[in-house]
Each structure stands twice: as C-alpha cells, then as structure tokens.
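# Structural overview
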Amino acid sequence: MLLEQQPAFVLHSRPYRETSLLLECLTRDAGRLGVVARGVRGARSRLPRAQLEPFQALLLNLQCRGELATLRHAELSSSPLRLAGDAALAGLYINELVVRLTERQDPHPTLYAAYAQTLHRLSTGVSLSWQLRRFERDLLASLGYAMQLDAEADGGEPLQPNAAYTYRPEQGAVRCGAAEPNALNGSVLLALGEDRMPDAHGLQALRGVMRELIRFYLGGVELRAWRVLRGALVRR
C-alpha cells in the first residue's frame, strides 16, 4: 500500500545500518508507523536529514509493506517549529507517551489532531504543565480510556467542587479524605473536564493523578522522560 502526502510527525529516530534511519512516526490516517528512511545519513542523500527531526509537520510518501514502511519522499508542510528548553523536554515527553501507549498501524485521527495542537501550544511557552495535562487527558480518551470528569464513580452523583477525591483507574473519582495521597478537589477534575486551567495547586495535584493513571496503563513501567524531567529540576 502506498500512502502519498500523508500528514505526519517524527516521534523518534535512531541510526539504522550504515546510512539509514529507523523512524517512529505518528501519521494522521495510519496511526503510528515504523519507517525506514534509507540513505538519509549519506553524503548524497536527496532528503535533508534535518527535515526528519521531531516536532516538524511533514507530508510523507510511504510504501507500506509488512511491519515497517519505507520512506519515498518527505517535505515540510509548514514552517519549522522550534521548541527549546522546557518546551523541548515537554515535547519529548509527549513523544514518548505516544510511542509507549499506542500500537503500530492503529489509526487515531483524534490523537493526531491533539498532538499537533499540543505542539503549537508548547511553542507559545504558556503554562507547559497545563498543556501536558490536556494532552494526557486527550491521549487517554483517544485510546478508549476517557476519564469520567463530571460524576462520582460510586452512584454517578455530580462531582462536588469542594469535596476531596482520589481518581482510580477503571473506576473514576472516589471520595476520600483530603490527606490521602493524590487527593484533589472536585473543582480540579471539573476544570480538566471543561478545559479550564486550574490554579497552581490544582495543576500540581493533577500531575500526580495523571502520572498514576499513565503508570497504570503502562503496566507499572516508568517513562524515561520522567527521569529526565526530575534530573532537570534537580540541576536548577
């Protein structure tokens, strides 16, 4: 099967054989694909290797056969996006999330749209923490793990803004004591569901909740990006 002018982003790349790259790409119509870019590390490559860096919106021509696709052509579909500093770390984090939580050749058009929008938001530098929480929420929803953010798990009563909750995977928001680990006010969950940024304390609480959810769906595995982010904070 040939995919032509397929909107895509490179999530990760590594050297492959002497002159090639093995890419993980998120495509709009085919989901995540493993792609062999032959000869792009060679001196006579007709494809500039710089175009195959993460965060760039691309149009790809791909020959899909078996587990790996072969890159036939690549071009930028918009001006290059520049992420630096904390924004670049945040971008690498969402790339790892997509690679670790999705299966190859499993289309998720809503995830592709959320990913593209998140990269644009990260480039503005406005509240990176909030942009990451929004993407985590949208990623889980795209994969069929949508969070219940307006009702209690027990009984389906509306979330109470001033009540304390813990969010349990495969259940939802359960009332708890305010001192319980990862407890947060219902107002914070309601804000996430309504796409409203909570205050700094609420964002910090959401970070813990989302991390536990992601760890659950990864089978308890830690993300490399979490260690990188911790190291960056320690060095400051």
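Before reading further, recall that the structure is shown in the block above.
Here's what I pulled together on the structure shown here. (Residues numbered from 1 in each chain as written. Predicted model: local features only at pLDDT ≥ 70, side-chain atom pairs only at ≥ 80, totals over all residues. Heavy atoms only, no water.)

Turning our eyes to something else, we now look at the nonpolar core. Most often, soluble globular proteins keep nonpolar side chains buried together rather than apart. Within the largest apolar cluster, 29 residues are counted, with the highest numbers of intra-cluster contacts made by Tyr93, Ile94, Leu97, Tyr115 and Phe135. Sort the elements by how many residues they give to this core and helix 1 (residues 86–101) lands first, with eight residues. Not counting chain neighbours up to four residues away, the residues in contact with Phe135 comprise Ile94, Leu97, Val98, Leu111, Ala114, Tyr115 and Thr118. Of all hydrophobic cores here, the second largest spans 20 residues; its members include Met147, Leu203, Ala205 and Leu213. (Core = buried A, V, L, I, M, F, W, Y, C linked by side-chain atoms within 4.5 Å. Buried < 20%, exposed > 50% of the residue type's maximum accessible area, 1.4 Å probe, protein only. Helix = DSSP H or I, 4+ residues; strand = E, 2+ residues; numbered from the N terminus. Contact = heavy atoms within 4.5 Å.)

Quick look at the sheet that holds strand 7 (residues 172–175) now. Strand order in this open sheet of three strands is 7-6-8, and the pairing throughout is antiparallel. Each edge of the sheet is formed by a strand with only one pairing partner; in this case those strands are strand 7 and strand 8 (184–185). Here strand 6 (residues 164–168) runs beside strand 8; their pairing, made up of two bridges, is antiparallel. Bridging from a neighbouring strand, Tyr165 pairs with Leu184 of strand 8. (Pairing = 2+ DSSP bridges.)

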